[in-house]
Amino acid sequence: MRLPSILTVAFACSFGLARAENLNLNETAETTMVAISPYCLGLGIGAMAAVNPELQSNSDMFLKLSVAQAFRVQDNFELGMDLDWWLPGINLGGTVNVDYLMGKGGFHPFVGMGVGMQYLDHPTYKFGDNFGIQGTAHVGLYIEIMDEMQMRIRVPFNLVANKDMDRAAGLDIALLFSSPHRNTRVKKLKY
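Residues numbered from 1 in each chain as written. Predicted model: local features only at pLDDT ≥ 70, side-chain atom pairs only at ≥ 80, totals over all residues. Heavy atoms only, no water.

### Some thoughts on empty space enclosed by the protein
Taken as a whole, this structure holds 2 cavities of 30 Å³ or more when the rule is applied. Volume-wise, the largest cavity comes out at about 50 Å³. Contributing to the lining of the largest cavity are Lys64, Asp82, Asp84, Thr95, Asn97, Gln134, Thr136, His138, Arg154, Pro156 and Asn158. For the lining of the largest cavity, the secondary-structure elements that each account for two or more residues are strand 4 (77–87), strand 5 (91–101), strand 7 (131–146) and strand 8 (149–161). Split into classes, the residues belonging to the lining of the largest cavity amount to 1 nonpolar, 6 polar and 4 charged. Of the voids in this model, the second largest cavity is the one considered here, and its volume is about 30 Å³. If you go around the second largest cavity, the residues you meet are Gln69, Ala70, Glu78, Leu79, Gly80, Asn97, Asp99, Tyr142 and Arg152. At the level of elements, strand 3 (61–72), strand 4 and strand 5 are the ones that each hand at least two residues to the lining of the second largest cavity. When residues in the lining of the second largest cavity are grouped by element, the largest group, 3 residues, is from strand 4. Residue composition of the lining of the second largest cavity, grouped by class: 3 nonpolar, 3 polar and 3 charged. (1 Å grid on protein atoms, 1.4 Å probe; cavity = no way out; pocket = protein on both sides within 12 Å on 5 of 7 lines; lining within 4 Å. Points joined across faces, edges and corners; volume = space filled by probe spheres on them. Helix = DSSP H or I, 4+ residues; strand = E, 2+ residues; numbered from the N terminus. Nonpolar A, V, L, I, M, F, W, Y, C, P; charged D, E, K, R; others polar.)

### Some points on the pattern of salt bridges
The full count for this structure, using the stated rule, is 5 salt bridges. As a salt-bridge pair, Asp172 and Lys64 come within 2.9 Å of each other at their nearest N and O atoms. Linking Asp172 in strand 9 (residues 167–178) with Lys64 in strand 3, this pair joins segments that are 108 residues apart in sequence. Pair check on accessibility: Asp172 and Lys64 agree, each one buried. What you see here is one network of salt bridges that share partners, running through Lys64, Asp82, Arg152, Arg154 and Asp172. (Salt bridge = Lys/Arg side-chain N within 4 Å of Asp/Glu carboxyl O. Buried < 20%, exposed > 50% of the residue type's maximum accessible area, 1.4 Å probe, protein only.)

Spelled out as structure tokens, the structure:
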């Protein structure tokens, strides 16, 4: 009775050894650097100046309140999403942004662009004429204040593809909070 069980165990062990890969212990493993916590979230405030006369009929200047999110994809690229409210009025919108970061250390200048939707409250328009696809182009600077807090200063230009092709340019400042390990990098094996 013991002989069949011993043969079964021997067969299972030999099958496992036959499937083992050839390892070369003289080679070093390939590694890549990755961030531990690349996500951050914060609040922003700014001002937007109306460029076209149709938008100026609503207001020459808008107070801009934002909820900002950012996700560092690589050392030099960041994906973000901003949800905006332009005051006065019910002017709501949001964009998904791609930014190219430059520099190392505590200061990171960047350029970027975004696409999203914007609702601008023109009182004389029909409901559907107030909506439009929004495109943005922006330049700015990230300043690392602490390990878990950074300031984003940005100069955006917005173009809304609604009935009047509304345009606005301005300045916004956001404080973004993250894990203290946002810029901590660790080595990860490539498989």
